[in-house]
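Commentary on secondary and tertiary structure
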Amino acid sequence: MDIKEAIKERHSVRQYSSDHIMGDVRTNLETLIQECNKESGLHIQLITQDPECFDTLLGHYGSFSGVDNYIAIVGSKKMSDLEELGGYYGEKIVLEAQIMGLNTCWVAGTYGKGKCKAHVDAGEKIVCVIAIGYGLNKGNAHKSKDLLKLCSVPEKDMPAWFREGIEAALLAPTAMNQQKFTIGIDGEEAVIKAGFGPFTKLDLGIVRYNFEVASGHKCRAI
Ligand SMILES: Cc1cc2nc3c(=O)[nH]c(=O)nc-3n(C[C@H](O)[C@H](O)[C@H](O)COP(=O)(O)O)c2cc1C
């Protein structure tokens, strides 16, 4: 599976089997997380065999079951773009995990915040977590807003790379499937603007990653 297939096949999965993340898959996942941390300055962590974090009323309300593993997106409160960076690098990990045969679900609300086992150093905070593991199902494709509602470029003026990018952006996960962003074009780059509301900065980073990796062109936040 390549990255574009991973973008199409990724859907939120909330029910997991008890299979552990082991061997090469685990090593590759840990290596990728370390690379992302080095590049971004974030403190992303993989926590395994901890069923407690999702074993809460909120977790059950969110219909999660069997979540024993999760990735905590952690970083310094001093970073002005902490949410956006967390979204960008988290989505990179989510798509690589999909290629490794794992399933995921971004979770900012329905987990036990006080039960998360991430190491949070002084001055840091947990942005959100990502449930990860071997799903009991593959999830379902989300309903999407119309392409032209999220994009300021008429279809006839879209270069092929931009079209690839925007299609991948529409497939990106967003909190409550809100898709509150608009994407435009500026020469050889795309520009993305977040709408108002909870988690829109986190969504912005996620969508930006999908756009860039599918189009091969930079997507700049404005
Ligand atoms: C930043 C963010 C936060 C999310 N928080 C939750 C959550 O608290 N509980 C939950 O069940 N799903 C959560 N989701 C999953 C979204 O509901 C899901 O991504 C969206 O409905 C689109 O569906 P898809 O991921 O299957 O494409 C979150 C997604 C994102 C991107």
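Coordinates for the structure precede this section.
Description of the structure in this document.

Taken together, four strands build an open sheet; the order of strands is β1-β2-β4-β3 and the sheet is antiparallel. A strand with exactly one partner marks an edge of an open sheet, and here the two such strands are β1 (45–47) and β3 (103–107). Between one strand and the next, the sheet's axes are offset by a mean angle of 25°, whatever the strand orientation. With three bridges joining them, β1 and strand β2 (residues 70–76) adopt antiparallel strand pairing. For Leu-46, the partnering residue across the bridge sits in β2 and is Ile-71.

Now for the nonpolar core. With 62 residues, the main nonpolar core has Val-129, Ile-130 and Ala-131 as its most contacted residues. Counting residues per element, this core draws most heavily on helix α4 (residues 82–99), which supplies eight residues. Here this core gathers at least three residues from each of two domains, domain 1 (3–133) and domain 2 (147–221). Leave out the neighbours within four places in its chain, and Val-129 touches Tyr-70, Ile-71, Ala-72, Ile-73, Val-107, Tyr-111 and Cys-116.

Despite not being glycine, Asn-177 shows a phi value in the positive range, around 50°. Of note, Asn-177 is situated in the loop between α5 (160–170) and β5 (181–186). Taking the C-beta count within 10 Å as the criterion, Asn-177 has 12 such neighbours and is therefore assigned exposed. Unusually for a residue other than glycine, Phe-199 sits at a positive phi of about 65°.

Lining the immediate environment of the ligand, one finds 21 residues, of which Ser-12, Trp-106, Gly-109, Pro-173 and Asn-177 sit closest. Only β3 and α6 (200–215) provide two or more residues apiece to the shell around the ligand. Among the residues forming the shell around the ligand, the class breakdown is 11 nonpolar, nine polar and one charged. Residue-level mapping places the shell around the ligand at the junction of two domains, with at least three residues from each of domain 1 (3–133) and domain 2 (147–221).

This brings us to the packing of α4 against α6. At a minimum axis distance of 6 Å, the contact between α4 and α6 shows a crossing angle of 40°. Taken together, the axes of α4 and α6 are oblique relative to one another. You can see that α4 and α6 cross each other, and the crossing is right-handed. Each of Glu-83, Glu-84, Leu-85, Gly-86, Gly-87, Tyr-88, Gly-90, Glu-91 and Lys-92 in α4 lies in contact with α6, whose residues at this interface are Lys-201, Leu-202, Asp-203, Leu-204, Gly-205, Ile-206, Arg-208, Tyr-209 and Asn-210.

What counts, and at which threshold
- Residues numbered from 1 in each chain as written.
- Predicted model: local features only at pLDDT ≥ 70, side-chain atom pairs only at ≥ 80, totals over all residues.
- Pairing = 2+ DSSP bridges.
- Helix = DSSP H or I, 4+ residues; strand = E, 2+ residues; numbered from the N terminus.
- Axes fitted to C-alpha atoms, helices over the stretch in contact; angles between N-to-C directions.
- Core = buried A, V, L, I, M, F, W, Y, C linked by C-beta atoms within 7 Å.
- Buried ≥ 20, exposed ≤ 12 C-beta atoms within 10 Å, placed from the backbone.
- Domains from an automatic or database assignment.
- Contact = placed C-beta atoms within 7 Å.
- Near = placed C-beta within 6 Å.
- Nonpolar A, V, L, I, M, F, W, Y, C, P; charged D, E, K, R; others polar.
- Parallel < 35°, antiparallel > 145°, perpendicular 65-115°, else oblique.
- Left-handed = near helix turned anticlockwise from the far one by under 90°.

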